[in-house]
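Chains, contacts and geometry: an overview
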Amino acid sequence: MRSTEKDNYLYNNGLSLYAHIPFCVVKCGYCDFNSFSGVEEELQATVIQAMLRELELRGKNLQPRTVFLGGGTPTHLSPTLLQTFLLGLRERVDLSQVEEYSCEANPESASSEKLAILREHGVRRLSLGVQSFNEDRLRFLDRAHGVEEAIAAFERARQTGFDSLSLDLIFGIPGQALEQWQDELQQALLLKPDHISCSHLTFESGTQLHVDLAKGRVQEIPEEQGRSMLIETRQQLAEAGLTAYEISNFSRSGMECRHNIHYWQAGSYLGIGPGASSHRRGIRQSNLRPIPSYLNALQDQACPVATAETLSPEHRCREAMWLGLRLTQGVELARITTLTGADPSELFADLIPGMVAEGQVVQEAGWIRIPEAAIPLADRITAQFL
Ligand code: SF4
């Protein structure tokens, strides 16, 4: 998939909107997102109102091309709060130019009522956090749902009439054999999703899983096995018509997640909600993460920004290469120059020829990409540009 004119517009001019709803029914042991369990509905309502205030402060004249509601778990909100937020968003932001409106959901809270509310308010793409089709592994991940519940939620979403349904899956779980992962992929395919995201389980600092690893209670799977699982994923999903457009994202033709492509293409976006980050033409900001600090700032009508930095052209260029090479199509060097003001051909003149010689990247017609054979080493390859 090469860039289309629409992509170019999004890349050069368009802005995406991300809303971070930071509530979950349980805090999964592997999760390092800014998400909280056990938050009373009254406090959730206060946060939702604060997020709408943040939109008023920061989203003036916004005409996003993509909108993504993530978290946390947006569907953890009660139907009333979900409705309040979606309506409030529509009242504050001009959604007339939106080409893709996505929402994340978890099986235990994706009720028919909430799914219908999402559709009513224009959400057309749903990403369901299934993570595994095995009860033991779901328990290991602390997920709040079972396999049957996940399948039922997917069927409900299909019946609700979303244009595009995606499944999120995790592989590389301690004790998981390659064959077991292959079985899980087959189960996922039986549901005929339009899109699948598969991430390798990571042990992020600050998580319970990281503590368990440090104390020797769990062990990471061997690196080689993780690579085999990724190779297998790419082959199995390609055979089923879900093409890899990014290292671990797969879709039917035309069903790629435009919002995430925009991130990988180093586009500008506004993120609202506790801990959300934003990036507008080289200025990066991140919001206050603790809910009380976030609320306090907005009570005073102040932007809830915790950090802000202006990235140099070189910094932007490095990041644009690092992110863009995750895409199957790779990066167009001239585009990076236009976007960042730094020319990657000059900046990486000592790096790229060696990488080409070693087969880490392919360079042709002004583009650079990682060839399929080198994809299992993609993290190491892209890190060289930082
Ligand atoms: S449901 Fe998602 S966001 Fe919430 S704790 Fe689990 S992994 Fe994190």
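Residues numbered from 1 in each chain as written. Predicted model: local features only at pLDDT ≥ 70, side-chain atom pairs only at ≥ 80, totals over all residues.

**Quick look at the site of the ligand**
In plain terms, the rule: A residue counts as near a molecule or strand when its C-beta atom, positioned from the backbone, falls within 6 Å of it. Residues are grouped as follows: Ala, Val, Leu, Ile, Met, Phe, Trp, Tyr, Cys and Pro are nonpolar; Asp, Glu, Lys and Arg are charged; all remaining types, including Gly, are polar.
Around the ligand lies a shell formed by C24, K27, C28, C31, F33, S35, G71, G72, T73, N106 and G129. Looking at the shell around the ligand, its residues break down into 4 nonpolar, 6 polar and 1 charged.

**Some details on unusual backbone geometry**
Under the convention used in this document: Comment: elements are numbered from the N terminus, with helices defined as DSSP H or I runs of at least four residues and strands as E runs of at least two. Counting other C-beta atoms within 10 Å of a residue's C-beta gives its exposure: the residue is buried at 20 or more, exposed at 12 or fewer, and partly exposed in between, where C-beta atoms are placed from the backbone.
Cis geometry is found at the peptide bond from G71 to G72, where omega equals 20°. Residue placement: G72 occurs in the loop between β4 (66-71) and α3 (79-92). Backbone geometry at D142 places phi at a positive 65°, although glycine is not the residue there. With 15 C-beta atoms packed within 10 Å, D142 lands in the partly exposed category. In this model, R281 sits at a positive phi of 40°, which is unusual for a non-glycine residue. One can find R281 in the loop between β12 (277-280) and β13 (283-287).

**Quick look at the sheet that holds strand β17 (residues 367-369)**
This is how the line gets drawn: By the convention used here, strands pair only if DSSP detects at least 2 bridges between them.
One open sheet holds the 3 strands; their spatial order is β15-β17-β16, and the pairing between them is antiparallel. Edge positions in the sheet fall to β15 (331-332) and β16 (362-364), since each has one partner strand and no second. Where β15 meets β17, 2 bridges bridge the pair, whose relative direction is antiparallel. Opposite E332, over in β17, you have W367 as the bridge partner.

**As for the domain arrangement of the chain**
The condition that has to hold: Start and end positions for the domains come from either an automated domain assignment or a database one. Contact criterion: two residues are in contact if their C-beta atoms, reconstructed from the backbone, are within 7 Å.
Domains assigned within the chain are domain 1 (5-264) and domain 2 (314-383). Taking only C-alpha atoms, the centre of domain 1 and the centre of domain 2 are 27 Å apart. Taken together, the 10 residues of domain 1 in the interface contact 9 residues of domain 2. Mapped by element, the contributors of at least two residues to the side of domain 1 that touches domain 2 are α9 (223-239) and β9 (243-246). Per element, the largest residue contribution to the side of domain 1 that touches domain 2 is 4 residues, and it comes from α9. Partitioning the side of domain 1 that touches domain 2 into residue classes produces 7 nonpolar, no polar and 3 charged.

**Examining helix α4 (residues 112-120)**
Keep this limit in mind: Note: the arc covers the axis-to-C-beta directions of the helix.
Those residues of α4 not exposed but buried are K114, L115, I117 and L118. Looking straight down α4, one finds its buried side chains confined to an arc of 155°; they lie on one side. Exposed and facing more than 90 degrees away from the buried side of α4 are S112, E113 and E120. Along its buried surface, α4 packs onto α3, β5 (100-105) and α6 (147-160).

**With respect to the packing of helix α2 (residues 41-58) against helix α11 (residues 291-299)**
Stated precisely, the cut-off is as follows: Angular values range over 0 to 180 degrees, each being the angle between N-to-C directions of two axes fitted as lines to C-alpha atoms, with helices fitted over their stretch in contact. Every angle not falling under 35 degrees, over 145, or within 65 to 115 is termed oblique; those three ranges are roughly parallel, roughly antiparallel and roughly perpendicular. By convention, the crossing between two helices is left-handed when the near helix turns anticlockwise from the far helix through less than a right angle, and right-handed when the turn is clockwise.
The contact between α2 and α11 brings their axes to 10 Å, and the two run at 50°. In terms of orientation, α2 and α11 fall into the oblique class. The handedness of the crossing between α2 and α11 is left-handed. Contact with α2, carried on its side by T46, V47, A50, R53 and E54, involves I291, Y294, L295 and L298 of α11 and no other residues of that element. Across the contact of α2 with α11, the residue classes tally to 6 nonpolar, 1 polar and 2 charged.

**Topic: the pairing of strand β1 (residues 15-21)**
Counting buried positions along β1 yields 7 of 7 residues, so the element is predominantly enclosed. Burial along β1 is two-sided: the face carrying L15, L17, A19 and I21 and the face carrying S16, Y18 and H20 are both buried. Pairing of β1 with strand β11 (residues 268-272), which is carried by 5 bridges, proceeds in the parallel orientation. Across the sheet, S16 pairs through a bridge with Y269, a residue of β11. Looking at chain direction, β1 and β4 are connected through 6 bridges and run parallel. Residue pairing in the sheet places L17 in a bridge with V67 of β4.

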